[in-house]
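Descriptive structure summary
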Amino acid sequence: MLELHDITAGYDSRTPVVRNVTLTVAPGEAVGLLGPSGCGKSTLARVTALLHRPDSGTLLLDGEPVRRWRHRAPRAHRTVLGVVFQQPRLAADPRLRLTDLIAEPLRATGRRDEIPHSVGELAAAVGLTPDLLDRRPHEVSDGQLQRACLARALVLRPRWLICDEMTAMLDASTTAALVAAVENYRAASGAGLLAVGHDQLLLDRWCDRTLHWDDLAVGAKTKPDQPTR
Ligand code: ADP
Ligand code: ADP
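Residues take numbers from 1 onward in each chain, read along the sequence in its written order. Labels follow written order: the first chain is A, the first ligand is 1, and so on. With the structure being a predicted model, the display of local features is reserved for residues of pLDDT at least 70 and the display and counting of side-chain atom pairs for 80 or more, all residues being used for whole-chain, interface and lining totals. To obtain the side-chain values, all non-hydrogen atoms of the structure were used and water was disregarded.

**Here we look at the domain arrangement of the protein chain**
By convention here, the domain bounds are inherited from an automatic or database domain assignment. When the domains of the protein chain are assigned, the result is domain 1 (1–80 + 160–224) and domain 2 (89–157). With centres defined by C-alpha atoms, the gap from domain 1 to domain 2 works out at 23 Å. Listed per partner, the contact involves 14 residues of domain 1 and 17 residues of domain 2. Buried area: the accessible surface (1.4 Å probe) lost by two parts on joining, summed over both. Taking both partners together, domain 1 and domain 2 bury about 1400 Å²; carbon and sulfur atoms supply 66% of that area. Any carboxyl oxygen of Asp or Glu within 4 Å of a side-chain nitrogen of Lys or Arg constitutes a salt bridge here. Our count for the domain 1 to domain 2 interface comes out at 0 salt bridges. Side-chain atoms alone can form a polar contact between residues adjacent in sequence; in general such a contact is a pair of N or O atoms within 3.5 Å, and within protein one must be able to donate a hydrogen while the other accepts it. For the interface between domain 1 and domain 2, the tally reads 2 residue pairs in polar contact (both at pLDDT 80 or more). Broken down by element, the residue count for the side of domain 1 that touches domain 2 peaks at 7 residues, all from helix α7 (residues 172–189). The nonpolar class holds Ala, Val, Leu, Ile, Met, Phe, Trp, Tyr, Cys and Pro. Asp, Glu, Lys and Arg form the charged class, and all remaining residues, Gly among them, are polar. Of the residues that constitute the side of domain 1 that touches domain 2, the class distribution is 9 nonpolar, 3 polar and 2 charged. Only heavy atoms matter for contacts: two residues are in contact if any of them lie within 4.5 Å across the pair. Runs of E in the DSSP output that reach at least two residues are strands. Runs of H or I that reach at least four are helices, and both are numbered from the N terminus.

Laid out in structure tokens, this is it:
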């Protein structure tokens, strides 16, 4: 299970942007989280991806409480959690060819021998041709770069995937291709998904269930995971 319990987070402790959020994703489940721009979805996604320390609350990954959050997620956790952000140009090192971008997590975890096979397989899965793999980020489109970022997020075969507005900047056909690549990976691996976004049609089609931000960021409202008193 991926479990968030009563998470409050923000950028100064007096005015949290995430308030008392509780939600769970079961193994293999795809959960959408829908909310308008600016409501705090990315902040919650970064808390879940171990990149932003919450002010209070608990995050459990397969029963283990998380104790460390860092600007860069602890390496060991990247085999557990894969993350794709909205803006691939902020997430991708501009110096790396796409092939090295995808391979970097394998290199960083001492699994160089897996690089040729895994990069080839993932490039095909996300629809990147060999000529694109040789280019650097400024030589490809946003959609092509996001395909590489998704491949990078999958290369350590994480049990959980967090997609934060993964397709918000992309056209319909690239969106469909990336969602299909995620779903193929999930079908093969049994990974769970938290997909954050503002497009209800997309999340409803993609996910097993869609949660609405206003029902989570409770304050006085009822938490969906708890019985009404
Ligand atoms: P969403 O993903 O729903 O658009 P965000 O989590 O990005 O929402 O932002 C929620 C609120 O937190 C916004 O008011 C935003 O301006 C603020 N915020 C986001 N990132 C930062 C930051 N690094 N420093 C200060 N405030 C931030
Ligand atoms: P390091 O160079 O210390 O190994 P990382 O490889 O952990 O640093 O981080 C490199 C990039 O990967 C950063 O831009 C970071 O935002 C992103 N990142 C962090 N956590 C994850 C994750 N769980 N999955 C995928 N990418 C991540």
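**Thoughts on the site of ligand 1**
For each residue, the test is whether any non-hydrogen atom lies within 4 Å of the molecule or strand; if one does, the residue is near. If you check the shell around ligand 1, you find Y11, V17, P36, S37, G38, C39, G40, K41, S42, T43 and R46 and nothing else. For ligand 1, an oxygen atom lies 2.9 Å from a polar atom in the side chain of K41. Within the side chain of T43, a nitrogen or oxygen atom sits 2.6 Å from an oxygen atom of ligand 1. Protein burial of ligand 1: of its 560 Å² of free accessible surface, 55% is covered by the chains. A breakdown of the residues in the shell around ligand 1 according to their chemical character gives 4 nonpolar, 5 polar and 2 charged. For every accessible area listed, the method is Shrake-Rupley and the probe measures 1.4 Å; residues are considered covered only by the protein chains on display.

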